[in-house]
Amino acid sequence: MIKKLFIGTFIFMMTVLSFSAEAQRNCSSMDVLEYNKTIIPNVTETMEAIESHTQKFINNQNDGEKVNGTITIPVVVHVIYQTSAQNISDAQIASQIQVLNDDFRRNNSDANNTWSQAADTEIEFCMASVDPSGNATTGITRKYYNKSEWGTNDAMKSSSNGGVDAWSSSDYLNMWVCNIGGGIL
């Protein structure tokens, strides 16, 4: 249950990753949230329920459940590319997972210079080593698709739209890397 909570929260927070070299880059997280509010029934109530559950867990009022030690979340990165430059390397993905871990464990180089209220969350991320069918994996899927831009409507998260379907959000943190377009990060 706790793993589902954290994975669901992270999936929402990290809707899309994109590595582009455009001069101006914008984060569209709030735009995507506002759009999702118009198309997903009860999304606000669901978010509030997640927040409430999280707060209960923090206060140790969740039926005696308590996490001792570090939570490790397996990650799958779905790379959807049209050009070789968009087909980012395994090393670049590993580097970004390390940055994510440094931030969540407060091990980043500027940890003492910013955000004094920041803390080690005791959450770590690792590349998935087993896929949903039980087969060994690197935690990276790659798909060529002849589409220059995906936009912010989450089409890349569906094979019926040419993208890649998510692995179970109960077991994995899914991330998609593709060209969103329009300077969107």
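Above this text you will find the structure in question.
These remarks concern the structure in this document. Everything numeric here is computed off the predicted structure, so don't read it as measured data.

**Looking at the overall build of the chain**
Across its full length, the chain carries four helices and four strands. Helices (α) and strands (β) of the chain occur, in sequence order from the N terminus, as α-α-α-β-α-β-β-β. Taking as baseline every contact in the chain between residues at least 6 positions apart, the subset at least 24 positions apart corresponds to 70%. With the model as given, the accessible surface of the chain reaches about 10800 Å², and the carbon-plus-sulfur share is 49%.

**Things to note about the pairing of strand E1 (residues 71-81)**
With 10 of 11 residues buried, E1 is to be regarded as a mostly interior element. Here E1 pairs with strand E2 (residues 123-127) via five bridges, running parallel. Residue pairing in the sheet places Thr72 in a bridge with Glu124 of E2. As paired strands, E1 and strand E4 (residues 173-177) are joined by five bridges and run parallel to one another. Residue pairing across strands places Val79 opposite Val177, the latter belonging to E4. By the bridge criterion, five bridges tie E1 to strand E3 (residues 140-144) in an arrangement that is parallel.

**Quick notes on the pattern of salt bridges**
Note on pairing: side chains with opposite charge can pair once their charged atoms come close. Evaluated as defined, the whole model comprises five salt bridges. For Glu34, the salt bridge identified is with Lys37, shortest N-O distance 3.5 Å. Here Lys37 and Glu34 lie together in helix H2 (residues 29-39), a separation of three residues that amounts to about one turn. In this structure Lys37 comes out as partly exposed when scored by relative accessible area, which is 36%. Among the salt bridges present, the one from Arg105 reaches Glu124, with a minimum N-O distance of 2.6 Å. Of the two residues, Arg105 is situated in the loop between helix H4 (90-104) and E2 and Glu124 in strand E2; the sequence distance between them amounts to 19 residues. Given the relative accessible area of 16%, Arg105 is considered buried. One salt-bridge network, held together by shared partners, links Arg105, Asp120 and Glu124.

**Digging into a nonpolar patch on the surface**
Taken together, the side chains of Tyr35, Ile39 and Ile40 define a hydrophobic patch exposed on the protein surface, amounting to about 270 Å² of accessible area. Looking at the element boundaries, Ile39 is found in helix H2.

**Considering the side chain of His78**
Among the secondary structure elements, His78 is positioned in strand E1. Classification of His78 as buried rests on a relative accessible area of 0%. At a separation of 2.8 Å, a polar atom in the side chain of His78 contacts the side chain of Asn174. Leaving out residues up to four positions away in the same chain, His78 has contacts with Thr141, Val164, Asp165, Ala166, Trp167, Asn174, Met175, Trp176 and Val177.

The rules behind the values
Residues numbered from 1 in each chain as written. Predicted model: local features only at pLDDT ≥ 70, side-chain atom pairs only at ≥ 80, totals over all residues. Heavy atoms only, no water. Helix = DSSP H or I, 4+ residues; strand = E, 2+ residues; numbered from the N terminus. Contact = heavy atoms within 4.5 Å. Areas by Shrake-Rupley, 256 points an atom, 1.4 Å probe, with all protein chains shown as cover. Buried < 20%, exposed > 50% of the residue type's maximum accessible area, 1.4 Å probe, protein only. Pairing = 2+ DSSP bridges. Salt bridge = Lys/Arg side-chain N within 4 Å of Asp/Glu carboxyl O. Patch = residues over 30% accessible without salt bridge, like charges linked within 9 Å, V, L, I, M, F, W, Y side chains within 5 Å. Polar contact = N/O pair within 3.5 Å; in protein donor to acceptor, adjacent residues only side chain to side chain.

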